[in-house]
Amino acid sequence: MDIGLILNQSITQGLGVQAVIFALAAIGLNVHFGYTGLLNFGQAAFLAVAAYGLGVTVATLGFSLWVGLIVGVLAAVVLALILGIPTLRLRADYLAIVTIATAEIVRLVVRSVTLRDIFGGSDGINRFADEFYALNPFSSGLALGPLTFSRNDLFVVVVGWLLVLLSCLIVFLAMRSPWGRVLKGIREDEEAVRSLGKNVYSYKMQALVVGGVLGCLGGFVFAISSQSVQPDNYGTDLTFFAWAAMILGGAARVFGPVLGSILFWFLLVFINVTLTEAVRVGYITFIDGTQVGQIQFWILGLTLMLLMIFRPQGILGDKRELAFDVK
Amino acid sequence: MNHTVTRIERRRWPALLLLLGVLTACFGLLAAPGNAAKEDLTGEISGVMRDAQGQPIAGVSFQVTNASGFTGSDISNRQGEWVVPIPGPGQYVVSLDPATLPAGVTLTNPERTSLTVSLLSNSKTVAFPTGAADTTRESFLDRFLQLAVDGLVFGLVIALAGVGLSMIFGTTGLTNFAHGEIVTLGALATFVFNNFIGLPFPLAVALAVVVCGLFGALNDWGLWKPLRKKGVSLIAMLVVSIGLGILLRYIYLFFFGGDTEQYASYSGQPGLALGPVDITPKVIIGSVVAILALVLTMMWLGLTRNGKASRAVSDNPALASASGINVERVINQVWIIGAALAGLSGALYSMSVGVNWLEGFQLLLLVFAGVVLGGLGTALGAIVGSLVVGVLLQISTLFLPTEMKTVGALLIMIIILLIRPQGLLGRRERVG
Amino acid sequence: MSSSEKQQEARASLVAVAQEPGAPKPDPILVAVGVQRQFGGLTAVDVSRFELQRGTITALIGPNGAGKTTFFNLLTGFDKPNEGEWTFDGRSLAGMPAYKVARTGMVRTFQLTKALSKMTVMQNMLLGAPNQKGENFFRGLIPGIWSGQEKANRERAEELLRHFKLDAKADDFAGSLSGGQRKLLEMARALMVQPELVMLDEPMAGVNPALKQSLLDHIRELREAGMTVLFVEHDMDMVRDVSDWVVVMAQGEIVAEGTPREVMQQQAVIDAYLGEHHSVSLDSGSGS
């Protein structure tokens, strides 16, 4: 077993693009669920519409990348509005069902053969981020101790973590403002907040939009980092990864989702690479290479269950102000 | 206070482990096919050819090539399946020879006989949708009747899963996102009994239903009851059920593999023509069994002591408990019945679509649609709503591309929530 | 407690008012006409006319299930009537959502206290302040825009908390307060909205007797401060003690109105409380 390889890979990926994507998705989710109590199980849809908004605008319609980014953000805003109008007046578990259904609808539509000319069917859209990489200020990749990134990856990762920091700053400022106070009030009892003259419906909608736009940044990073958008990358698993990251780090904490994403992705990659190595070297004979990849989903499922049962506040959270016991 | 909580946690924790252990043991049986020796070529591109009615098409020729000169080919077998082993991730062109399609079958998009696919992982399934073009062959009314019957049959499958989901929600408040995995378990267990052990199909289904019922009891006893005792909130339990669902799905995938398999019995059964409607005997018998199961469930709810008690628990658990009903026992029975019905649903569903590790999860959203349409928490509502969803889903293919039918059903669910959130048969006060 | 000037004023304004259901008032702050609410086939509320005199403390009493809380919910926009019109300060409120009703200056509390227990007492108070610049998302991001207003709100909240003897608890989670303290907090929080009409749904429910007297005093002080109070209550002694006017509901309708002393003796009220087959006065206490 190559311990060095295992650590290198785990650390690099724990701070790599995937961790950035989950962090951004989870930060948005934190605005939805952690601070406002909205049970959004369709976060993948926000990443998907942003990625596709970008891809379609650039690759299909031929506009510049920057127009594509604006279109992507607008798409996330529109999705939040469409999602919010029918569901924000409903009970929490209905919101859960509708959001997960909407994410599925988005995925099925973009992968459909009927709309293949626009969205590229199950192949998706490719090669639309050259403009981004043209701006790369780094002249070479990075090899710093265990951290190794290629030149392009380094650029994406640096921009990605800057976006994460910016998002955290926005969440930090928003949640210590009176705006955030209204959201926290809604999380606990919307009727009380309504009786004090606050338009609860509007605030929930705002939270949905803000969290959706923050999450959609993850879609941009996903799309640009791989120069492709593929429908099946935006399935329910992506949403649940973001949930696990948020809960692990601590919901309703500014850095909770970021810490959760890094740790969770590190853990997954670590176990994955360790098992792959063990299989390669022959320490483990009863599973094969493809099955190793499936084990990370066992970990995802178990993590969600065990955290919810034994430590719903995660690492950084405060049990006293958690949204989970709102019924 | 804290001390007691930890003690309870410690005592309950082995129960959860046991539950997972038993489950893993159950699937030890399936380990064999998952470990089948691989070819030199590490990846594969595969697919299943079906006609518009979902019946497999044999004898269609496929070719896979890539830029570096790789070429591979296969011809679809009796189950419509084809597999081309490939060297690994990369970009490939998959083409279908339209000359090998049987008469009367055309591709939905006749010009799309070859596809470019890029693989990030080792395997990918590629679909060449057929149908829509043969509508001219049959009259609109005939198509309509055929689809309505198909829809009712599918609706029964959804209803079997939906009743349990709805009853569990009614008695415990849990929105069980792992319910689809019980459906899959029903199909997998039937597959194991029928294909590996070689039991006759009806016996295999019966045993699978028993396995699922036990699994339901175990689910409640090992996981949900301790969580209720611990006072875990409904939202937290909902997230737990999502975690459980993911865990189960990937345990299935691990042991069963990603392919769709057919039952050994009746897989190629020819259809009967009843007037304009084509239907296979196995589907007729399966539907009769489904109807019987649903009627029995309604009778249990309406006539038996425990059934009535379960409705009392749905209405008001505290009051039910005060009037001498053993709430926990009633809930456990609801879990057994709900899971058994879900298992039957999976066993019957897979007769027409094959056995797949993801089938229950894919069905789950439609089950939610049916249950929400009828009114969450009522058994009759779940049945009616599910039948409506099944029929609408099939009928919609008259107007929509087949691949969009799920989108249509989910949109209808969202619209219903908008205009009548309590569902068709639900009571308003259930919506908080 | 000696009768204050405001109390005399309030009672004087009602002297000429007829002691009958739906009686017109000289200066009504709230007028409701033909408000009806049905649940299924049941009529929960059917109020043909109701007027509330400005500057008074008015009690809304009636047996369980009389529709008092439903009527409250309808007036404050928390429930929608099947039909009906009502105006607050001359402004029609029918069909107006609850948050807008609160902004017009008509603020309510709840029977089951809705203190936000996972927020601190101070945060609860600040949530009540109206027209906060920082409650807009974008302005909220720049503390400079709202910090001045926040400071002023905080000072006002501190003053109110001192008045309600909750100042020592300002930084505690509201969940740590006793039942009575939560009622006080809810009332103080409602005052942050700067209402003209305060509607209290069973302010005494679940409050220990020692706190009741101070709650009563606080209700009187609302009137002293120029506000109008409408409250739902079961406790007859308290109603008699504090209210200037009493409105009695039974089976969804207003069956009697009057000063506390006189309304208790009306046959309709006795019937409402004891059922129609009894013929005893509420004061006598002897059954048949």
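Here the structure is a predicted model, which means the values were calculated and not measured.

## A word on the overall build of chain C
Counting its secondary structure elements, chain C contains eleven helices and ten strands. Taking 19 Å as the expected radius of gyration for a compact globule of 288 residues, we find that chain C reaches 20 Å, a close match to that expectation. Taken along its principal axes, the extent of the C-alpha atoms in chain C is 65 × 40 × 35 Å. Classification of the 288 residues of chain C by burial places 52% in the buried group. For chain C, the share of sequence-separated contacts (at least 6 apart) that also reach a separation of at least 24 residues comes to 66%. About 12,500 Å² of surface is accessible on chain C, with carbon and sulfur atoms providing 49% of the total. Of the charged side chains in chain C, 30 are positive and 36 negative; the average position of the first set lies 7 Å away from that of the second.

## Describing the nonpolar core
Counting residues in hydrophobic clusters, the biggest one holds 230 residues, and the most contacted among them are Phe41(A), Val164(A), Trp243(A), Leu304(A), Phe177(B) and Trp224(B). Looking at which element gives the most residues to this core, the answer is helix H6 (residues 234-256) of chain B, with 18 residues. Not counting residues within four places of it along the chain, the set of residues in contact with Val164(A) comprises Val20(A), Ala23(A), Leu24(A), Ile27(A) and Val258(A). Core analysis: the second largest hydrophobic core is formed by 45 residues, Leu191(C), Leu215(C), Ile219(C) and Leu222(C) among them.

## Structural notes on the packing of aromatic side chains
Residues and elements named next belong to chain A. Across all of its chains, the model carries 33 aromatic pairs over all chains by this definition. Arranged with centres 6.1 Å apart and planes meeting at 65°, the rings of Phe 41 and Phe 240 form a pair that is edge-to-face. Of this pair, Phe 41 sits in the loop between helix H2 (17-35) and helix H3 (43-60) while Phe 240 sits in helix H12 (residues 236-249); the two residues are 199 residues apart in sequence, bridging distant segments of the chain. Taking the relative accessible area as the measure of exposure, Phe 240 reaches 2% and is therefore buried.

## What about the sheet that holds strand S4 (residues 83-88) of chain C?
All names here are of chain C. Pairing in this open sheet of four strands is antiparallel, and the strands run S2-S1-S4-S5 from one edge to the other. The sheet terminates laterally at strand S2 (42-53) and strand S5 (91-92), the two strands that pair on one side only. Here ten bridges tie strand S1 (residues 28-39) to S2, and the two strands are oriented antiparallel to one another. Bridge pairing links Pro 28 to Gln 53 in S2. Along the sheet, helix H2 (residues 68-75) makes contact with S1, S2 and S4, crossing S1 at roughly 115°.

## Concerning the interface of chain A and chain B
Each partner contributes to the interface: chain A provides 56 residues, whereas chain B provides 58 residues. Across the interface of chain A and chain B, roughly 5,200 Å² is buried in total on both sides, 73% from carbon and sulfur atoms. Our enumeration of links across chain A and chain B arrives at zero salt bridges. Counting across the interface, chain A meets chain B through seven residue pairs in polar contact (both at pLDDT 80 or more). The set of elements that each furnish at least two residues to the side of chain A that touches chain B consists of helix H4 (65-87), helix H5 (92-110), H12 and helix H14 (289-310) of chain A. Of the residues belonging to the side of chain A that touches chain B, the class tally is 36 nonpolar, eleven polar and nine charged.

## Considerations on the interface of chain C and chain A
Residue-level contacts link 34 residues of chain C with 29 residues of chain A. Between chain C and chain A, the buried area comes to about 2,800 Å², and carbon and sulfur atoms account for 62% of it. Scanning the region where chain C abuts chain A turns up three salt bridges. Among the salt bridges present, the one from Arg181(A) reaches Glu150(C), with a minimum N-O distance of 2.7 Å. In this assembly, chain C and chain A are joined by twelve residue pairs in polar contact (both at pLDDT 80 or more). Among the secondary structure elements, those contributing two or more residues to the side of chain C that touches chain A are helix H3 (98-103), strand S6 (106-108), helix H4 (121-128), helix H5 (137-140), helix H6 (143-163) and helix H7 (179-192) of chain C. For the side of chain C that touches chain A, the class distribution of residues is 20 nonpolar, seven polar and seven charged.

## Here's the deal with the pairing of strand S1 (residues 43-48) of chain B
All names here are of chain B. Across six bridges, S1 lies against strand S4 (residues 81-86) in antiparallel orientation. Among the inter-strand pairings, Ile 45 is bridged to a residue of S4, identified as Val 84. Direction of pairing for S1 relative to strand S7 (residues 123-125): parallel, over a ladder of three bridges. The residue of S7 that forms the bridge with Ile 45 is Lys 124.

## Focus: the pairing of strand S10 (residues 253-258) of chain C
Pairing analysis gives five bridges linking strand S9 (residues 245-250) of chain C to S10(C), with the strands arranged antiparallel. In the strand pairing of S10(C), Met249(C) is matched with Ile254(C).

## Thoughts on the environment of Ser61(B)
All names here are of chain B. Residue placement: Ser 61 occurs in strand S2 (residues 61-66). In this structure Ser 61 comes out as partly exposed when scored by relative accessible area, which is 23%. Along the backbone, Ser 61 and Ser 95 are 34 residues apart, and their C-alpha atoms lie at a distance of 8.6 Å.

## A short note on the sheet that holds strand S8 (residues 228-232) of chain C
All names here are of chain C. Sheet architecture is open: six strands sit in the order S6-S7-S8-S3-S9-S10, paired in mixed fashion. Each edge of the open sheet is held by one strand with a lone partner, namely S6 and S10. Adjacent strand axes in the sheet meet at a mean angle of 20°, parallel and antiparallel pairs treated alike. Where strand S3 (residues 57-61) lies against S8, four bridges are found, and the strand directions are parallel. Within S8, the residue paired with Ile 57 across the bridge is Val 229. Along the sheet face, helix H8 (residues 209-224) touches S3, strand S7 (197-201) and S8 and points at about 130° away from the line of S3.

## Some details on the packing of H3(A) against H5(A)
Residue and element names in this part refer to chain A. Where H3 meets H5, the axes come as close as 9 Å, and the angle between the chain directions of the two elements is 30°. Relative to H5, the element H3 lies roughly parallel. Between H3 and H5 lies a crossing of left-handed hand. On H5, the residues touching Ala 45, Ala 48, Val 49 and Tyr 52 of H3 are Ala 103, Val 106 and Val 110.

## So, the domain arrangement of chain C
Residue and element names in this part refer to chain C. What the domain assignment reports for chain C is domain 1 (5-115 + 193-274) and domain 2 (121-176). Centre-to-centre separation of domain 1 and domain 2, based on C-alpha positions: 29 Å. Every contact between the two is made by five residues of domain 1 and, on the other side, seven residues of domain 2. For the pair domain 1 and domain 2, the two sides together bury roughly 540 Å², of which 58% comes from carbon and sulfur. At the boundary of domain 1 with domain 2, the tally comes to zero salt bridges. Each residue belonging to the side of domain 1 that touches domain 2 can be placed in one class, and the counts come to two nonpolar, two polar and one charged.

## Description of a nonpolar patch on the surface
Residue and element names in this part refer to chain A. On the surface, Val 158, Leu 162, Leu 165, Phe 255, Leu 263, Ile 315 and Leu 316 cluster together into a nonpolar patch covering about 600 Å² of accessible area. The greatest single-element share of the nonpolar patch, amounting to three residues, is contributed by helix H8 (residues 151-175). Here Ile 315 lies in the segment after H14. Ile 315 sits in the partly exposed class, given a relative accessible area of 39%.

## With respect to helix H4 (residues 179-196) of chain B
Residues separated by three or four positions in an α-helix point in the same direction, a consequence of the helix having 3.6 residues per turn. Residues and elements named next belong to chain B. Helix length check: H4 (18 residues) gives 25 Å between terminal C-alpha atoms against 26 Å at 1.5 Å per residue, within 8%. The buried fraction of H4 amounts to 16 of the 18 residues, a majority that puts the element mostly inside the structure. Downstream of H4 by one or two residues, Gly 198 has phi in the positive range, about 80°.

## Notes on the arrangement of the chains
When the two pairs of chains in contact are ranked by number of contacts, first place goes to chains A and B. The two units chain B and chain C remain apart, with a minimum C-alpha distance of 10 Å.

## Description of the packing of helix H1 (residues 3-14) of chain A against helix H13 (residues 256-281) of chain A
All names here are of chain A. At a minimum axis distance of 8 Å, the contact between H1 and H13 shows a crossing angle of 150°. It follows that H1 is roughly antiparallel to H13 by the angle criterion. Considering how the two elements wind past one another, H1 and H13 form a crossing that is right-handed. Across the interface between the two elements, Leu 5, Ile 6, Leu 7, Gln 9, Ser 10, Ile 11, Gln 13 and Gly 14 of H1 pack against Ile 262, Trp 265, Phe 266, Val 269, Phe 270, Val 273, Thr 274 and Glu 277 of H13. Each residue belonging to the contact of H1 with H13 can be placed in one class, and the counts come to ten nonpolar, five polar and one charged.

## Comments concerning unusual backbone geometry
Residue and element names in this part refer to chain C. Positioned with a positive phi, Gln 194 is a non-glycine residue whose angle comes to about 60°. Summarising the element assignment, Gln 194 is placed in the loop between H7 and S7. Phi at Glu 202 takes a positive value of approximately 50°, unusual for a residue other than glycine. The residue Glu 202 is located in the loop between S7 and H8 in this model.

So, how was this worked out
Counting from 1, residues in each chain are numbered in the order their sequence is written. Each chain is given a letter, starting from A, and each ligand a number, starting from 1, according to the order in which they appear as written. Only residues with pLDDT of at least 70 get local features here, since the model is predicted, and only at 80 or more are side-chain atom pairs given and counted; chain-wide, interface and lining totals rely on the full set of residues. Here the side-chain values reflect all heavy atoms present in the structure, with hydrogen atoms and water set aside. Labels follow the DSSP assignment, with helices taken as runs of H or I lasting at least four residues and strands as runs of E lasting at least two, numbered in each case from the N terminus. The reference for a compact globule is 2.2 Å times residues^0.38; the radius of gyration itself is calculated from the C-alpha atoms. The buried label goes to any residue with under 20% of its type's maximum accessible area, the exposed label to any with over 50%, and the partly exposed label to all in between, with areas taken from a 1.4 Å probe on protein chains only. Whether two residues are in contact is decided by their heavy atoms, any of which lying within 4.5 Å being enough. What sets the accessible areas is the Shrake-Rupley method with a 1.4 Å probe; for residues, cover comes only from the shown protein chains. When charges are tallied, Lys and Arg are placed among the positive residues and Asp and Glu among the negative ones, while His and the ends of the chain are skipped. Just so you know, the charge point we use is NZ for Lys, CZ for Arg, CG for Asp and CD for Glu. In this description, a nonpolar core means a group of buried Ala, Val, Leu, Ile, Met, Phe, Trp, Tyr and Cys residues linked to one another through side-chain atoms lying within 4.5 Å. In this scheme Phe, Tyr and Trp rings, the latter by its six-membered ring, pair at centre separations within 6.5 Å, and the angle between planes marks the pair as stacked below 30 degrees, edge-to-face above 60, and tilted otherwise. Should DSSP find at least two bridges between two strands, the strands are taken to pair. Axes here refer to lines fitted to C-alpha atoms; in helices the fit is confined to the stretch in contact. Angles between the N-to-C directions go from 0 to 180 degrees. Once two parts are put together, the accessible area they lose, assessed with a 1.4 Å probe and summed over both, is termed the buried area. Here, a salt bridge means any Lys or Arg side-chain nitrogen found within 4 Å of an Asp or Glu carboxyl oxygen. Counted as a polar contact is a pair of N or O atoms within 3.5 Å, where, for protein atoms, one must be capable of donating a hydrogen and the other of accepting one, and residues adjacent in sequence contribute only when both atoms are in side chains. Amino acids are sorted into nonpolar (Ala, Val, Leu, Ile, Met, Phe, Trp, Tyr, Cys and Pro), charged (Asp, Glu, Lys and Arg) and polar (every other residue, Gly among them). Between 65 and 115 degrees an angle is taken as roughly perpendicular, under 35 as roughly parallel, over 145 as roughly antiparallel, and anywhere else as oblique. For any helix crossing, the convention is left-handed if the near helix is rotated counterclockwise from the far helix by under a right angle, and right-handed if that rotation is clockwise. Segmentation into domains, and thus their bounds, comes from an automatic or database assignment. Patches here: salt-bridge-free residues with over 30% relative accessible area, like charges joined within 9 Å, nonpolar side chains (Val, Leu, Ile, Met, Phe, Trp, Tyr) joined within 5 Å. By this rule, a helix spans an expected 1.5 Å times one less than how many residues it contains.

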